[in-house]
Amino acid sequence: MVRSNAAGVDPVAKENRQSHRFPTKSMTRVTLNGRVIACRLMNISAGGAVVDAILNAPVGTSVILDIPGGDPAPGKVVRVTSSYTALAFEEKIVLPVEL
């Protein structure tokens, strides 16, 4: 079931969000099953990130995201669409000052 209001926004998704998202266009890399995939970081928060790569990986697949200016962050695929992949970090991260 998908929840939406008149604006097409899922009000539950916003309520569940625990960290502020920061938009970015930084280039980065995702490591998936030993493969390194170059991609653009679309947004990031302390709890996860969205990259413009279509990783073709099932939800729950383990990944490592290289954080520009920070340490690599292990996480899991939580959503894959036709234009992006959303990742959730295993632990909250401290975001670098500049991305």
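Computed from a prediction, not measured in an experiment: that's the story for all the values here.

A.B. asks: It is not clear to me how the overall build of the protein chain should be interpreted in this structure. Could you clarify?
C.D. replies: Along the backbone of the protein chain there are one helix and seven strands. Listing the helices and strands of the protein chain from first to last along the sequence gives α-β-β-β-β-β-β-β. Residues classed as buried in the protein chain amount to 35% of the 99 residues present. Across the protein chain, the fraction of contacts at a sequence separation of at least 24, relative to all contacts at a separation of at least 6, is 45%.

A.B. asks: How should I be thinking about the pattern of salt bridges in this particular structure?
C.D. replies: Proximity of charged atoms lets side chains of opposite charge pair with each other. All told, the structure shown has one salt bridge when counted by the stated rule. For Arg29, the salt bridge goes to Asp66, with nearest N and O atoms at 3.1 Å. In this pair, Arg29 is assigned in strand β2 (residues 27–32) and Asp66 in the loop between β5 (62–65) and β6 (73–80), connecting sequence segments 37 residues apart.

A.B. asks: I tried to follow unusual backbone geometry on my own but got confused; where do I start?
C.D. replies: Residues apart from glycine generally show negative phi values, whereas peptide bonds are mostly found in trans. The phi dihedral of Asn33 falls on the positive side, at around 50°, and the residue is not glycine. Turning to its location among the elements, Asn33 is positioned in the loop between β2 and β3 (35–44). Its relative accessible area of 70% is what places Asn33 among the exposed residues. One non-glycine residue, Asn56, lies in the positive phi region at around 50°. Tracing the chain through its elements places Asn56 in the loop between β4 (48–51) and β5.

Rules used throughout
- For every chain, the first residue of its written sequence is number 1, and the numbers climb from 1 along that sequence.
- Only residues with pLDDT of at least 70 are given local features in this predicted model, and only at 80 or more are side-chain atom pairs given and counted; all residues enter the totals for whole chains, interfaces and linings.
- Heavy atoms from the whole structure form the basis of all side-chain values; hydrogens and water molecules are not counted.
- Strands are runs of DSSP state E lasting at least 2 residues, helices are runs of H or I lasting at least 4, and numbering of each runs from the N terminus.
- Three exposure classes are used, based on accessible area relative to the maximum for each residue type with a 1.4 Å probe and protein chains only: buried under 20%, partly exposed in between, and exposed over 50%.
- Residues count as neighbours in contact if any of their non-hydrogen atoms are within 4.5 Å of one another.
- For this document, the term salt bridge refers to a Lys or Arg side-chain nitrogen within 4 Å of an Asp or Glu carboxyl oxygen.

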